[in-house]
Amino acid sequence: MMQSERETSAQVVEATPGCAIVIGASGGIGGALLERIKGDARYTEVFALSRSGPIAIDLLDQASIAEAAGTIARSGLPARLIIDATGALDGEGCVAEKSLRQLDATAMANAFAINAIGPALLLNYFHGLMPRDGRSVFATLSARVGSIGDNKLGGWFSYRASKAALNQIVRTAAVELRRTRPQAVCVALHPGTVATRLSSKYANGAHEVQTPTVAAGRLLDVVDQLTPAHSGGFFDHRGEAIEW
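Residues numbered from 1 in each chain as written. Predicted model: local features only at pLDDT ≥ 70, side-chain atom pairs only at ≥ 80, totals over all residues. Heavy atoms only, no water.

## Overview of the sheet that holds strand β5 (residues 136-141)
The 7 strands lie next to each other as β3-β2-β1-β4-β5-β6-β9, forming an open sheet whose pairing is parallel. With partners counted over all chains shown, the strands left at the sheet margins are β3 (55-56) and β9 (234-236), one partner each. Helix α5 (residues 157-180) rests against β5, β6 (184-190) and β9 of the sheet, and its axis sits at about 170° to β6. Running over the sheet, helix α6 (residues 212-225) touches β4 (79-84), β5, β6 and β9 and is turned about 150° from β6. (Pairing = 2+ DSSP bridges. Helix = DSSP H or I, 4+ residues; strand = E, 2+ residues; numbered from the N terminus. Contact = heavy atoms within 4.5 Å. Axes fitted to C-alpha atoms, helices over the stretch in contact; angles between N-to-C directions.)

## Considering the pairing of β4
Counting buried residues along β4, 6 of its 6 residues qualify, which places the element largely inside the surrounding structure. Here 5 bridges tie strand β1 (residues 19-23) to β4, and the two strands are oriented parallel to one another. Bridge pairing in β4 links I23 to D84. Sheet analysis places β4 next to β5, joined by 4 bridges and oriented parallel. What sits directly across from I82, in β5, is F138. Between β4 and its parallel partner β5, the chain crosses via helix α4 (residues 105-126), and the hand of that crossover is right-handed. (Buried < 20%, exposed > 50% of the residue type's maximum accessible area, 1.4 Å probe, protein only. Right-handed = clockwise from strand over helix to strand, strands pointing away.)

## Considerations on the packing of helix α3 (residues 62-73) against α4
α4 packs onto α3 with a crossing angle of 35° between their chain directions and a minimal axis gap of 9 Å. For the pair α3 and α4, the crossing hand works out as right-handed. Taken together, the residues of α4 that come into contact with α3 (itself represented by Q62, I65, A66, A68, A69 and I72) are G118, L121, L122, Y125 and F126. (Left-handed = near helix turned anticlockwise from the far one by under 90°.)

## Let's talk about the pattern of salt bridges
Under the definition given, this model contains 8 salt bridges. Of the charged contacts in the structure, one is a salt bridge between R36 and D221, with a shortest N-O distance of 3.0 Å. Of this pair, R36 sits in helix α2 (residues 28-38) while D221 sits in helix α6, placing them 185 residues apart in sequence. R36 sits in the partly exposed class, given a relative accessible area of 40%. The exposure class of D221 is partly exposed, given its relative accessible area of 36%. Notably, a salt bridge pairs R218 with E208, separated by 3.0 Å at the nearest N-O pair. (Salt bridge = Lys/Arg side-chain N within 4 Å of Asp/Glu carboxyl O.)

## Digging into the side chain of R181
Examined against the element boundaries, R181 turns out to sit in the loop between α5 and β6. Within the buried core, R181 has no salt-bridge partner, and the shortest N-O distance to an opposite charge, that of E176, equals 7.4 Å. Not counting the four nearest positions on each side in its chain, R181 is found in contact with H127, G128, M130, P131 and R132. (Lys, Arg positive; Asp, Glu negative; His and termini not counted.)

## A closer look at the nonpolar core
If you look at the biggest cluster of nonpolar residues, it comprises 32 residues, and the most contacted ones within it are I21, L49, I72 and F126. At the level of elements, β1, β2 (45-50), α3, β4, α4, α5 and β6 are the ones that each hand at least two residues to this core. Broken down by element, this core gets its largest block of residues, 5 residues, from α5. In contact with F126, not counting residues within four places along its chain, are I21, L49, I57, I65, A68, A69, I72 and I82. If you look at the next biggest cluster of nonpolar residues, it comprises 28 residues, including V22, A25, V185 and L226. (Core = buried A, V, L, I, M, F, W, Y, C linked by side-chain atoms within 4.5 Å.)

## Things to note about the side chain of S158
Inspection of the secondary structure puts S158 in helix α5. Beyond its immediate sequence surroundings of up to four residues, S158 is in contact with V95, E97, M108, A111 and F112.

## Some points on the pairing of β2
On a regular strand, each side chain points to the face opposite its neighbour's, so the side chains alternate between the two faces of the sheet. Bridging between β1 and β2 involves 5 bridges; their strand directions are parallel. The residue bridging C19 from the neighbouring strand is E45, located in β2. Since β1 and β2 lie parallel, the crossover through α2 that links them has a hand, and here it is right-handed. Two elements, β2 and β3, share 2 bridges in a ladder whose sense is parallel. Looking at the pairing, L49 lines up with I55 of β3.

In structure tokens, the structure reads:
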């Protein structure tokens, strides 16, 4: 097939109607992502998922994740964009530890349940909504502090480790998705420091604190630039790769 023919074929597949899904839509970044995506004509419908939303989901409840995916599947729309904007640093049973002496097994388990196991279950149940042909994206919000190579300050054991685990889950899922959905993109994204409840107590020393609206715009701009070659990667809100 000639190059122009391949491009035409890809455009036809890309034009197939599809939906977008925002998980964690009641949060600061999630809500901003939802508002921006609602205005995107590429998506026939936008589904907002949260614990209190029209489609209820709780990352600590596997049955709710399966039920939410089933609800969207019944719409018959392929998922062209799935964004997981969930996560917990301090609160919801998680602790932002400053030293080894603060480590607690229950708090660590909660961090992994929310930041790693929950997104893994999302991939389990939601990847089937992604079309086998044409571009689709699964993006989850990770954090630069989940980078082992970038860890210069220490602390935040549970949060760092759970986000590092999330990065490995994304990398592994991308390998599997590539076999059945060669044009799919599965990535971890670092949103930067955002003025939300998650980071409000820790934003003072940040070089730049973004509003949720600015952060959402940057993240979606990055998503639009991703290709299948980026699948399995870890990128910040400027589109720059972050070391593992």
